[in-house]
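Descriptive analysis of the structure
Here is what each chain is made of, one letter per residue.
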Amino acid sequence: MSVVALHRLVRDVERQEGTRARLLADPDDLLAEYPLTETERTAVLDLDASTLVELGVHPLVMRTLLVTAGVPNPDLYTHDRGLRG
């Protein structure tokens, strides 16, 4: 498990210029830069809040990722969005 890599991904998306745009435009390319398991990668691509928290991602970090990707706060656990094209 690489929960540290997930937290770094979210930190980078939030703080590094251009990373959010890369996540939205070509998530596979960005995710390849982080040592994620296939389960973690799928959870990010699916914006799967429940799985991310089960994997050990802090709920506030999970929220940051999903909101950054355009998921409204009230829909964090019920949305049907994802990063896949």
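This report concerns the structure included in the present document. (Residues numbered from 1 in each chain as written. Predicted model: local features only at pLDDT ≥ 70, side-chain atom pairs only at ≥ 80, totals over all residues. Heavy atoms only, no water.)

Describing the environment of V71
This is how it is decided: Starting at the N terminus, helices and strands are each numbered in turn, a helix being any DSSP run of H or I of at least four residues and a strand any DSSP run of E of at least two. The cut-offs for exposure are 20% and 50% of the maximum accessible area for each residue type, with area from a 1.4 Å probe on protein chains only; residues under the lower value are buried, those over the upper are exposed, and the others partly exposed. Any two residues having at least one pair of non-hydrogen atoms within 4.5 Å are treated as being in contact.
Structurally, V71 can be placed in the segment after α6 (59–68). For V71, a relative accessible area of 2% corresponds to the buried category. Sequence-wise, V71 and R81 are ten residues apart; in three dimensions their C-alpha atoms are separated by 7.4 Å. Among residues more than four places away in sequence, those in contact with V71 are L47, L66, L76, H79 and R81.

Brief notes about unusual backbone geometry
Of note in this structure, L47 is not a glycine but carries a positive phi near 50°. By the element assignment, L47 lies in the loop between α4 (38–45) and α5 (49–54). The class of L47 is buried, set by a relative accessible area of 1%.

Digging into the side chain of T68
We count it as follows: We define a polar contact as two N or O atoms separated by no more than 3.5 Å, with the added condition that, inside protein, one atom must be a possible hydrogen donor and the other a possible acceptor, whereas residues neighbouring each other in sequence contribute only through side-chain atom pairs.
Here T68 lies in helix α6. By relative accessible area, which is 14% here, T68 ends up buried. Engagement of the side chain of T68 in a polar contact is seen with the backbone oxygen of T64, the distance being 2.6 Å. Apart from residues no more than four positions distant in its own chain, T68 is found in contact with V13, R20 and L24.

Some words on the nonpolar core
The following threshold applies: Residue types Ala, Val, Leu, Ile, Met, Phe, Trp, Tyr and Cys, when buried and joined through side-chain atoms within 4.5 Å, form a set referred to as a nonpolar core.
One finds L9, V44, L52, L65, L66 and L83 to be the most contacted residues of the largest nonpolar core, which totals 25 residues. For this core, the secondary structure elements donating two or more residues are α1 (3–15), α3 (27–31), α4, α5 and α6. Among the elements that line this core, the one with the most residues is α1, at five residues. Setting aside anything within four residues of it in sequence, one finds L9 in contact with L30, L31, Y34 and V44.

A word on the side chain of T64
With respect to the helices, strands and loops of the structure, T64 is situated in helix α6. Sequence-distant contacts of T64, that is, excluding residues within four places in its chain, are made with V10 and E14.

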